[in-house]
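# Per-entry structural report
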Amino acid sequence: MTDFAPTDYRRDTDAIPTWENGVLKPVDKLEAHRRGLRHKAVSVFVMHGDEVLIQRRALGKYHTPGLWANTCCTHPHWNEAPEACAQRRLSEELGIQGLKLEHRDQVEYRADVGGGLIEHELVDIFIARVPARIPVAPNPDEVMETDWIQMSDLVRKTKRDPARFTPWLRIYLDQHAEQIFA
């Protein structure tokens, strides 16, 4: 596996770090999802006590629009460190800056996200613990709504009405809660 980018690769493209035939290389984001290729990702949970900040994805998102997800999630740029990516995306999606992030684990999942697209992600997961509910300024192109919710209520709601939540959030809560939140 290599982490070297082709010389013509630019950070502002829609390419994401993806394994193709065992080689890590930049692949167009939509193409990676159409083909279900394994790729790098980052997810963040901002926590206040037993509450977690969740977001409802904007209706313009190319997959899972209008569904509730964890605080933020994204794909890193080529050679972007996971923590730097998490900080960047907290700012871009929610206007949140300067949180201390704790790397919790790396998990892999594969899920159908509708429209013929598959997320097959190797995800670095971070938690940020805050002493109070922090203000957010959602980017309307990314986020249509936010909410603070008790973790136990979130788990219950994802089981009762799974269609309202992204597949990855349900997977994190069902299969990886111990390694993420313990």
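Our subject is the structure that appears above.
Numbers given to residues run from 1 along each chain, matching the order in which its sequence is written. Reporting in this predicted model follows two pLDDT cut-offs: at least 70 for local features of residues, and 80 or more for side-chain atom pairs to be given and counted; totals over whole chains, interfaces and linings ignore these cut-offs and use all residues. The side-chain numbers reported here are obtained from all heavy atoms of the structure, hydrogens and water having been left aside.

### Let's talk about the pattern of salt bridges
Quick reminder of the rule: Salt bridges are defined by distance alone: a side-chain nitrogen of Lys or Arg within 4 Å of a carboxyl oxygen of Asp or Glu. For the purposes of this entry, the term helix denotes a DSSP run of H or I that reaches at least four residues, the term strand denotes a run of E that reaches at least two, and both are numbered from the N terminus. Residue burial is assigned from relative accessible area. The probe radius is 1.4 Å, only protein chains are included, and a residue is buried under 20% of its type maximum, exposed over 50%, and partly exposed in between.
Under the criterion given, the structure shown has 17 salt bridges. Glutamate 92 is the salt-bridge partner of arginine 89, the closest N and O atoms lying 2.7 Å from each other. Of this pair, arginine 89 and glutamate 92 both sit in helix H2 (residues 82-94), 3 residues apart, roughly one helical turn. By relative accessible area, arginine 89 is classed as buried at 10%. Several salt bridges converge on common partners, so that one network encompasses Lys61, Glu80, Arg88, Arg89, Glu92, Glu93 and Glu142.

### Some points on the packing of helix H3 (residues 151-160) against helix H4 (residues 167-175)
A packed helix pair is summarised by two numbers, namely the angle formed by the two axes and the spacing between the axes. For clarity, the threshold we go by: Simply put, an axis is a line fit to the C-alpha atoms, just over the touching stretch for a helix, and the angle between two N-to-C directions goes from 0 to 180 degrees. Handedness of a crossing is defined here by the sense of rotation of the near helix relative to the far one, left-handed for an anticlockwise turn of less than a right angle and right-handed for a clockwise turn. For this analysis, residues touch if any pair of their heavy atoms sits within 4.5 Å. Throughout this entry, Asp, Glu, Lys and Arg are counted as charged residues, while Ala, Val, Leu, Ile, Met, Phe, Trp, Tyr, Cys and Pro are counted as nonpolar. The remaining residues, Gly among them, count as polar.
In contact at an axis separation of 10 Å, H3 and H4 are set at 115 degrees when each is read in the N-to-C sense. Crossing of H3 over H4 shows left-handed handedness. Facing H3, whose interface residues are Met151, Leu154, Val155, Thr158 and Lys159, H4 presents Leu169, Arg170, Leu173 and Asp174. The class makeup of the residues in the contact of H3 with H4 is 5 nonpolar, 1 polar and 3 charged.

### Here we look at the nonpolar core
The tendency in soluble globular proteins is for nonpolar side chains to be buried side by side. Note the cut-off: What makes a nonpolar core is a set of buried Ala, Val, Leu, Ile, Met, Phe, Trp, Tyr and Cys residues whose side-chain atoms join them at distances within 4.5 Å.
Ranked by internal contacts, the top residues of the largest apolar core, which has 27 residues, are Phe45, Val52, Leu154, Tyr172 and Phe181. If you list the elements that add at least two residues to this core, you get strand S3 (38-48), strand S4 (51-57), strand S5 (68-69), strand S7 (102-114), strand S8 (117-129), H3, H4 and helix H5 (177-181). Dropping the residues within four chain positions of it, tyrosine 172 is found in contact with Ser43, Phe45, Asn70, Val107, Tyr109, Val123, Ile125, Ala177 and Ile180.

### What about H2?
Stated formally: A helix is expected to span 1.5 Å for every residue after the first.
Under the 1.5 Å per step criterion, the end-to-end length of H2 is 18 Å for 13 residues, consistent within 8% with the ideal 18 Å. Turning to H2, its buried residues are Cys85, Ala86, Arg88, Arg89, Leu90, Glu93 and Leu94. Buried-residue contacts for H2 involve S3, S4, strand S6 (72-74), S8 and strand S9 (143-150). Just beyond H2, the residue with positive phi is glycine 95, at close to 70 degrees.

### Comments concerning the side chain of threonine 158
Stated formally: Polar contact is defined as a pair of N or O atoms within 3.5 Å, subject to the rule that within protein one atom must be able to donate a hydrogen and the other to accept it, and that residues adjacent in sequence are counted only when both atoms are side-chain atoms.
In this fold, threonine 158 is placed in helix H3. Within the structure, the side chain of threonine 158 is placed 2.8 Å from the backbone oxygen of valine 155, a separation counted as a polar contact. Ignoring sequence-local partners within four residues, the contact set of threonine 158 consists of Phe165, Arg170 and Leu173.

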